[in-house]
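Summary of the model geometry
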Amino acid sequence: MLINFLFGDGATLESVLNSNNNKIYKESTNLSSLSCDDDKFSSLSMSAMLARGEVPDSHRRTADNYMVIKKIYGAPVVQPRISVKDKALLAKYDFNLLEFSTIKQINEELAFLKRWSMSLEQNLRNDADEIIQIRAKELKFLAASRYVSLTSEIYCGYKALERYFEEISKY
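Below, the structure is looked at part by part. (Residues numbered from 1 in each chain as written. Predicted model: local features only at pLDDT ≥ 70, side-chain atom pairs only at ≥ 80, totals over all residues. Heavy atoms only, no water.)

The next subject is the packing of aromatic side chains. All told, the structure shown has 7 aromatic pairs when counted by the stated rule. Ring centres of Phe100 and Tyr155 lie 6.4 Å apart, and the angle between their planes is 85°; on these two criteria the pair is classed as edge-to-face. Placement of the pair is Phe100 in the loop between helix H4 (84–92) and helix H5 (103–117) and Tyr155 in the loop between helix H6 (122–144) and helix H7 (157–168), with a sequence separation of 55 residues. Overall, Phe100 belongs to the partly exposed group, its relative accessible area being 42%. Aromatic side chains Phe112 and Trp116 sit 5.7 Å apart centroid to centroid with 20° between the ring planes, which places their arrangement in the stacked category. Taken together, the positions of Phe112 and Trp116, both in helix H5 and 4 residues apart, correspond to about one turn of that helix. Taken together, the ring pairs in this structure connect Tyr93, Phe95, Phe112 and Trp116 into an aromatic cluster. (Phe/Tyr/Trp six-rings, centres within 6.5 Å; stacked < 30°, edge-to-face > 60°. Helix = DSSP H or I, 4+ residues; strand = E, 2+ residues; numbered from the N terminus. Buried < 20%, exposed > 50% of the residue type's maximum accessible area, 1.4 Å probe, protein only.)

This part is about H4. If you check which residues of H4 are buried, you get Asp86, Leu89 and Leu90. End-on view of H4: buried residues confined to an arc of 100°, all on one side of the axis. In H4, the exposed residues that point more than 90 degrees away from the buried face are Val84, Lys85, Ala91 and Lys92. Asp94 sits one or two positions beyond H4 and adopts a positive phi of about 60°. (Arc of directions from axis to C-beta.)

A few words now on the packing of helix H3 (residues 57–73) against H7. Interaxial distance between H3 and H7 falls to 8 Å at its minimum, and their mutual angle equals 100°. Classed by the angle they form, the pair H3 and H7 counts as roughly perpendicular. Taking contact as the criterion, the partners of His59, Arg60, Thr62, Ala63, Tyr66, Met67 and Lys70 in H3 are, on H7, Glu162, Tyr164, Phe165, Glu166 and Ile168. Taken together, the residues that form the contact of H3 with H7 break down as 6 nonpolar, 2 polar and 4 charged. (Axes fitted to C-alpha atoms, helices over the stretch in contact; angles between N-to-C directions. Parallel < 35°, antiparallel > 145°, perpendicular 65-115°, else oblique. Contact = heavy atoms within 4.5 Å. Nonpolar A, V, L, I, M, F, W, Y, C, P; charged D, E, K, R; others polar.)

With that settled, consider the side chain of Arg135. Following the sequence through the fold, Arg135 ends up in helix H6. With a relative accessible area of 1%, Arg135 lands in the buried category. Within polar-contact distance, the side chain of Arg135 engages the side chain of Glu109 at 2.6 Å. Each residue touching Arg135, except ones within four places of it in the same chain, is listed here: Leu90, Phe95, Asn96, Leu97, Leu98, Ser101, Ile106, Glu109 and Leu161. (Polar contact = N/O pair within 3.5 Å; in protein donor to acceptor, adjacent residues only side chain to side chain.)

The next subject is empty space enclosed by the protein. For the structure on display, the rule yields 1 cavity of 30 Å³ or more. Of the voids in this model, the largest cavity is the one considered here, and its volume is about 90 Å³. Around the largest cavity, the lining residues are Arg81, Ile82, Lys87, Leu97, Glu99, Glu138, Phe141 and Leu142. At 3 residues, the largest contribution of residues to the lining of the largest cavity is made by H6. Across the lining of the largest cavity, the residue classes break down as 4 nonpolar, no polar and 4 charged. (1 Å grid on protein atoms, 1.4 Å probe; cavity = no way out; pocket = protein on both sides within 12 Å on 5 of 7 lines; lining within 4 Å. Points joined across faces, edges and corners; volume = space filled by probe spheres on them.)

Right under this line is the structure:
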């Protein structure tokens, strides 16, 4: 009787509970999609935080080069893909190609590259400087091709790298 009074005629306790469960499920799925956007935002802000710390000169030079080209020309002219030698160097340190990397992977990689660029070991320092240049070359290629080679929204590590370059660039 009370259920009919509150929810209208023909309502049963089971139907009321099912409709409430559906509402809760819909709200939780909406919240999960919002948290995904929040995760993406917090991951990109992590790239900005990485740029706030001490940044090696090689990273600044590479970022300045990329940003000057981006600001003057809008998008770089078609750049060649990376070479087999470059892919081998990335594989040596177990790094994915930029188009198959997530924001989290790129943030972790940038933290490694910053530490390695300030390392006392010359080979590690040279490799770190070369890897950041490879990443810039990959980013130029993706920007020149208007990101058409990216097929999944999961792999958006290029956004983290671009944000890092924007933050550390003088231009």
